[in-house]
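If you want the building blocks of each chain, they are given just below.
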Amino acid sequence: MSCFVFVTGGVLSSLGKGITSASLGTILKARGLKTTIMKCDPYLNVDPGTMSPYQHGEVFVTEDGAETDLDLGHYERFMDCNLSKHSSVTTGQVYSQVIQKERRGDYLGATVQVIPHITNSIKDMIERAARINDAQITIVEVGGTVGDIEGQPYLEAIRQMRNEIGRDKVCNLHLTYIPFTKSLGEMKTKPTQHSVREMRAIGLTPDIIVCRTQKPITTEARNKISLFCDIDRDKVLEARDVECLYEVPLMLEEQGLAQKVLKKLSINSEEPNLEEWKTMVSLFKQKKNKKVKIAVVGKYIKVADAYISITESLAHASLQSNHGLEIVWISSEQVEKDGTEKLLSEIDGVIVPGGFGDRGIEGKIQTIQFCRERQIPFFGICLGMQCAVIEYARNVVGLEKANSSEFISDTPHPVISLLPDQNGVVKGGTMRLGVYPCRISENTTAFSLYQTSLIYERHRHRFEVNNEFRNLLANKGLIIGGTSPDGQLVEMIELKGHPFFMGCQFHPEFKSRPNRPHPLFSGLFEAAARRSEEK
Ligand code: GLN
């Protein structure tokens, strides 16, 4: 039977609950404890797959093809694990399950209610994640803040679990925000007091409070939190702003977070082994030579979280290098307005990431043409690869109207299209999702980077390179470097005689880890670093 650490948040959203939860996971795992982690999202969507990246940031895809919250990406990167659909619960899923049961008559005529039916379903899902992962400790992050109407059933389920499985098997960690008022020069604890009061109203008391703060918390603030929130002083920890996210586990370890959690759960453990982690963090903080400028040319560039796994993958790739990384965010619509020369001539490498819809597509295609012709290292991911195929078809093969049938359904040259058996698909859960094998041809850049011919990568797309145009493209020099093992689906493209020109239909960014950068991102970064040296 697993123990549980419930992580709730107060005062503000986007405080870094995901990073705090992932960091706790890191330091528990470093003690050899079998730890898993999951997220409960109180919104009514079944999953974030249909939500706009403007609202929700990136959609993170698990190996088994679940479209999940971006926090699962943090969990996987911090804890170096692969999670599954069971690690992501939403109110949409909970209600769907309860309504299905009701329709089947499983409730035997009972009136179906939030308590007990919704809360039971939540508890089942939490326990299922613990069981499936055979975990000794399960960290459960509850999205949103305490006091949100949508979050109440989750808090109630947590309250019930504590009674059912025993108080010594449950630890409540609450993350709050401590504002600092410049005019008074004071740290304010009142928002924390209110948020803890809100928790208490539902029957929960925090065992540990982690305070997000810009400066170290003063003794006075700590005393106040201890007094008003009825918590020992040594259970009030701080999470200060840090230069690099991967420092957070070390900062929390230093304050004894893991020991305090384990004491509450009556678990003994070995000393943590965080040596590799510390080396990685010191590499991150090392002052580097010249910065390599990598542009991400996309649609959602105003929302930092929309491409978070790509940002992290680039950072991982730069870690071993003596070059620093500077990501330049460029809107593909801006490229359409200002032109490639103005926006891209100082850039050392370009990523065109995944996406949906036709806005800014021509800007992406122009960007790719510029990279191809000017020998600028280029990496196209999913839609980015599809745009590279369109660009090649138009400007090298001579199919002027080449396009994806996603954007122009009756284009005469649908080089990207749905497969014949895919016609009639609708949005929401109809994509090619999750991990699929890809066979890489030898003598390709892809092969030299991966050092193997069979790879497994995660997908999230509907459209494919149209096989009717494959020979035409290949005859004009586009290398199909990787396909599905049956050869039917194009998975990777590249060019010869270019410093780095790579496209993949899958999303490698979901598999990069801080201590194990993804080979394709390393390939791009190294090529871009060489270019920056030559300048
Ligand atoms: N819109 C494209 C498709 O559905 C690409 C998707 C993506 O980039 N994730 O195939």
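Draft legend 1. Focus on a positive patch on the surface. On the surface, Lys-190, Arg-197, Arg-200 and Lys-224 cluster together into a patch of positive charge. Per-element tally for the positive patch: the top contributor is helix α7 (residues 190-201), with three residues. With respect to the helices and strands, Lys-224 occurs in helix α8 (residues 219-229). The exposure class of Lys-224 is partly exposed, given its relative accessible area of 35%.

Draft legend 2. Inspection of the pairing of strand β6 (residues 137-142) at higher detail. Summarising burial for β6: six of the six residues are buried, a large majority. Neither face of β6 is left uncovered, since the one carrying Ile-137, Ile-139 and Glu-141 and the one carrying Thr-138, Val-140 and Val-142 both have all their residues buried. By the bridge criterion, five bridges tie strand β1 (residues 3-9) to β6 in an arrangement that is parallel. From the neighbouring strand, Val-5 faces β6, where its bridge partner is Ile-139. Sheet topology note: the strand β2 (residues 35-41)/β6 ladder contains six bridges and is parallel. Bridge pairing links Thr-35 to Ile-137 in β6.

Draft legend 3. Quick look at empty space enclosed by the protein. Overall, the coordinates contain two cavities of 30 Å³ or more when judged by the stated rule. Looking at the largest cavity, its volume works out to about 70 Å³. In terms of lining residues, the largest cavity is bounded by Gly-355, Phe-356, Cys-382, Leu-383, Gln-386, Glu-406, Arg-460, His-461, Arg-462 and Phe-463. Grouping the constituent residues of the lining of the largest cavity by class yields four nonpolar, three polar and three charged. In this structure, the second largest cavity spans a volume of roughly 50 Å³. Of the residues assigned to the lining of the second largest cavity, the class counts are three nonpolar, six polar and no charged.

Draft legend 4. Region of the structure containing the environment of Lys-337. When you line up the elements, Lys-337 lands in helix α13 (residues 332-338). We classify Lys-337 as exposed; its relative accessible area is 65%. Between the alpha carbons of Lys-337 and Asn-395 there is a distance of 20 Å; along the sequence they are 58 residues apart.

Draft legend 5. Representation of the pattern of salt bridges. Scanning the model with the defined rule gives 34 salt bridges in all. Taking the shortest distance from any N to any O, the salt bridge between Asp-69 and Lys-39 comes out at 3.1 Å. Pair noted here: Asp-69 is in the loop between β4 (67-68) and α3 (71-79) and Lys-39 is in strand β2, with a separation of 30 residues, a long-range link. For the pair Asp-69 and Lys-39, a shared accessibility class is recorded, and that class is buried. Among the salt bridges present, the one from Glu-362 reaches Arg-394, with a minimum N-O distance of 2.8 Å. Here Glu-362, found in helix α15 (residues 361-374), pairs with Arg-394, found in helix α16 (residues 383-397); they are 32 residues apart in sequence, far enough to count as distant. Residue classification places Arg-394 among the buried positions, given a relative accessible area of 17%. One network of salt bridges, in which partners are shared, links Glu-63, Glu-76, Asp-80, Arg-458, Lys-511, Arg-513 and Arg-516.

The rules behind each value
Residues numbered from 1 in each chain as written. Predicted model: local features only at pLDDT ≥ 70, side-chain atom pairs only at ≥ 80, totals over all residues. Heavy atoms only, no water. Patch = residues over 30% accessible without salt bridge, like charges linked within 9 Å, V, L, I, M, F, W, Y side chains within 5 Å. Areas by Shrake-Rupley, 256 points an atom, 1.4 Å probe, with all protein chains shown as cover. Salt bridge = Lys/Arg side-chain N within 4 Å of Asp/Glu carboxyl O. Lys, Arg positive; Asp, Glu negative; His and termini not counted. Charge placed at Lys NZ, Arg CZ, Asp CG, Glu CD. Helix = DSSP H or I, 4+ residues; strand = E, 2+ residues; numbered from the N terminus. Buried < 20%, exposed > 50% of the residue type's maximum accessible area, 1.4 Å probe, protein only. Pairing = 2+ DSSP bridges. 1 Å grid on protein atoms, 1.4 Å probe; cavity = no way out; pocket = protein on both sides within 12 Å on 5 of 7 lines; lining within 4 Å. Points joined across faces, edges and corners; volume = space filled by probe spheres on them. Nonpolar A, V, L, I, M, F, W, Y, C, P; charged D, E, K, R; others polar.

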